[in-house]
Amino acid sequence: MKNAFQVIAVDGVCSGVVQFPTAEDCLDWLQAIAGNISNLTKHNVKKINRNFPVNQQIIYMGWVDEKEQDSVQDRMYSPKFLALRGSSLFKFSAPPVTTWDWTRAEKSFTVYEIMCKILKDNDLLDKRKHCFSVQTESGEDLFFSVELDSELLIWEKAFQMATFLEVERIQCKTYACIMESHLMGLTVDFSMGFVCFDAASKAVLWRYKFSQLKGSSDDGKSKIKFLFQNQDSKSIEAKELEFSNLFAVLHCIHAFFAAKVACLDPMFVESQGSATTTGFPSLSTISCNSQTPKLKYAT
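About the criteria used
Residues numbered from 1 in each chain as written. Predicted model: local features only at pLDDT ≥ 70, side-chain atom pairs only at ≥ 80, totals over all residues. Heavy atoms only, no water. Helix = DSSP H or I, 4+ residues; strand = E, 2+ residues; numbered from the N terminus. Buried < 20%, exposed > 50% of the residue type's maximum accessible area, 1.4 Å probe, protein only. Pairing = 2+ DSSP bridges. Axes fitted to C-alpha atoms, helices over the stretch in contact; angles between N-to-C directions. Contact = heavy atoms within 4.5 Å. Patch = residues over 30% accessible without salt bridge, like charges linked within 9 Å, V, L, I, M, F, W, Y side chains within 5 Å. Areas by Shrake-Rupley, 256 points an atom, 1.4 Å probe, with all protein chains shown as cover. Salt bridge = Lys/Arg side-chain N within 4 Å of Asp/Glu carboxyl O. Lys, Arg positive; Asp, Glu negative; His and termini not counted. Charge placed at Lys NZ, Arg CZ, Asp CG, Glu CD. Polar contact = N/O pair within 3.5 Å; in protein donor to acceptor, adjacent residues only side chain to side chain. Phe/Tyr/Trp six-rings, centres within 6.5 Å; stacked < 30°, edge-to-face > 60°. Lys NZ or Arg CZ within 6 Å of the ring centre and 35° of its normal. Parallel < 35°, antiparallel > 145°, perpendicular 65-115°, else oblique. Nonpolar A, V, L, I, M, F, W, Y, C, P; charged D, E, K, R; others polar. Expected span 1.5 Å × (residues − 1).

### Here we look at unusual backbone geometry
Working step 1: Phi at N3 is positive, roughly 50 degrees, even though this residue is not glycine.
Working step 2: In this fold, N3 is placed in the segment before β1 (4-8).
Working step 3: At E180, a position not held by glycine, the phi torsion is positive, near 55 degrees.
Working step 4: Mapped onto the elements, E180 comes out in the loop between β10 (172-179) and β11 (182-189).
Working step 5: We classify E180 as exposed; its relative accessible area is 68%.

### Thoughts on the sheet that holds strand β8 (residues 131-135)
Sheet strands pair via backbone hydrogen bonds, and the direction of the pair is either parallel or antiparallel.
Working step 1: The strand order across the open sheet built from seven strands is β6-β5-β4-β3-β9-β8-β7, with neighbouring strands paired in antiparallel fashion. Both outer strands of the open sheet, β6 (107-110) and β7 (115-118), are each paired with one neighbouring strand and no more. With direction set aside, neighbouring strand axes in the sheet form an average angle of 30 degrees.
Working step 2: Two elements, β8 and strand β9 (residues 141-145), share five bridges in a ladder whose sense is antiparallel. In the strand pairing of β9, Q135 is matched with D141.
Working step 3: Lying over the sheet, helix α2 (residues 149-170) contacts β3 (58-67), β4 (77-85), β5 (88-92), β7 and β8, oriented at roughly 125 degrees with respect to β3.

### Structural notes on a negative patch on the surface
Working step 1: On the surface, a cluster of negative charge is contributed by D218, D219, E240 and E242.
Working step 2: Secondary-structure assignment places E242 in strand β16 (residues 236-242).
Working step 3: Judged by its relative accessible area of 33%, E242 falls in the partly exposed class.

### Concerning the side chain of N230
Working step 1: As for its position among the elements, N230 is in the loop between β15 (223-229) and β16.
Working step 2: At a separation of 2.8 Å, a polar atom in the side chain of N230 contacts the main-chain amide nitrogen of D232.

### Concerning the pairing of β5
Working step 1: Within β5, five of the five residues are buried, leaving the element largely enclosed by the surrounding structure.
Working step 2: Residue alternation in β5 divides its side chains into two sets, S88, F90 and F92 and L89 and K91, and both sets are buried.
Working step 3: Direction of pairing for β4 relative to β5: antiparallel, over a ladder of five bridges. Looking at the pairing, L82 lines up with K91 of β5.
Working step 4: With antiparallel pairing between neighbouring strands as the criterion, β4 and β5 make up a hairpin whose turn holds two residues, including G86 at a positive phi of roughly 60 degrees.
Working step 5: Where β5 lies against β6, four bridges are found, and the strand directions are antiparallel. Looking at the pairing, F90 lines up with S108 of β6.

### Section: the packing of aromatic side chains
Working step 1: What the rule picks out here adds up to 20 aromatic pairs.
Working step 2: Through pairs of rings, three or more aromatic residues link up here, namely F194, W206, Y208, F210, F226, F228 and F257.
Working step 3: Directly above the ring of Y77 sits R128, whose terminal nitrogen or CZ lies 3.7 Å from the centroid.
Working step 4: The ring of F190 carries the charged tip of K260 above its face, separated from the ring centre by 4.8 Å.

### Quick notes on the pattern of salt bridges
Working step 1: One pass over the full model with this rule turns up seven salt bridges.
Working step 2: With its nearest N and O atoms 2.9 Å apart, the salt bridge here joins K80 to E106. Placement of the pair is K80 in strand β4 and E106 in the loop between β5 and β6, with a sequence separation of 26 residues.
Working step 3: Residue classification places K80 among the buried positions, given a relative accessible area of 12%.
Working step 4: With relative accessibility at 40%, the residue E106 sits in the partly exposed group.

### As for the packing of α2 against helix α3 (residues 246-262)
Working step 1: Relative to each other, α2 and α3 sit at 100 degrees, their axes nearing to 9 Å. Between α2 and α3, the angle is such that the two are roughly perpendicular. Contact residues: α2 offers T163, F164, V167 and I170, while α3 offers A255, F256, A259 and A262.
Working step 2: A per-class count over the contact of α2 with α3 returns seven nonpolar, one polar and no charged.

### Some details on the environment of A34
Working step 1: Structurally, A34 can be placed in helix α1 (residues 23-49).
Working step 2: On a C-alpha basis, the gap between A34 and E151 in space is 8.8 Å, while along the polypeptide they are 117 residues apart.

### Section: α3
Working step 1: With 17 residues, α3 should cover 24 Å at 1.5 Å per step; its first-to-last C-alpha distance of 24 Å lies within 8% of that length.
Working step 2: Restricting attention to buried positions, one finds in α3 the residues L246, A248, V249, H251, C252, I253, A255, F256, A259 and A262.

### Brief notes about α2
Working step 1: With 22 residues, α2 should cover 32 Å at 1.5 Å per step; its first-to-last C-alpha distance of 32 Å lies within 8% of that length.
Working step 2: Of the residues trailing α2, Q171 is marked for its positive phi of about 70 degrees.

In structure tokens form, the structure reads like this:
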């Protein structure tokens with residue numbers, strides 16, 4: 001059915017399919033309802049955040065559709081409720097209402113160990129237009145869609161902010177690794193860059209700044225090859241490390257690089273400055289979409 005949508009409440013009560021004579025009329029109504037849902041969600045988030053410490057603030061909550069992994073039902077989607085809170089991305093089947101609900105998420109992921117990608121035309125899996133993927137720390141790809149382009153933009157900005165704030169909070173992350181058959185540790189440090197040390201003696205073997213990383217490659221399983229430029233000789237020095245959690249490490253490095261780049265963006269720094277003043281990201285810029293009902297839009 002074209003030019004139609006339905007509104008479904010959390011308890012399953014449905015408005016029924018509402019159809020319009022033109023796509024423009026349908027989109028106008030859809031945007032108006034989505035905007036009202038967004039405003040209500042912002043209000044609820046502000047109230048909920050009063051009960052959470054600064055490092056556990058909610059940045060985003062909203063409905064999405066998740067593509068089911070079952071190959072038999074290749075194009076089936078199911079409604080999910082995503083929330084970005086503190087260091088984690090939570091996936092629920094229904095919005096969390098109580099504190100206990102937050103412990104019962106279907107899945108949760110650490111934001112700096114996952115990768116979010118907005119899907120462009122050639123990446124889209126089907127006719128759904130407003131889609132994004134999340135690659136988890138294990139390398140699994142999850143696919144989601146939202147109803148409006150504006151909702152996709154809200155999600156993208158919220159994820160970027162959540163990742164930036166968590167990198168800024170932790171400052172560094174260390175992963176166990178193996179280099180030349182020896183157990184090592186690799187620390188990704190927001191200020192210093194990369195530091196590799198012996199796991200037993202804690203002696204530092206080498207360190208490089210982020211700006212010295214000129215290239216890298218991985219085998220998709222466990223090994224990463226870094227190409228660093230020596231500051232004095234300008235020659236390229238290759239370092240190969242093996243990890244048990246390859247994708248988590250790759251995503252973490254990407255998150256730290258993205259945070260460094262974000263610090264160079266005056267507009268981002270300004271918005272982040274206002275965020276830290278209030279203790280959490282301003283919901284006027286990092287807004288949220290639907291919490292109570294969810295929209296189903298037929299094109």
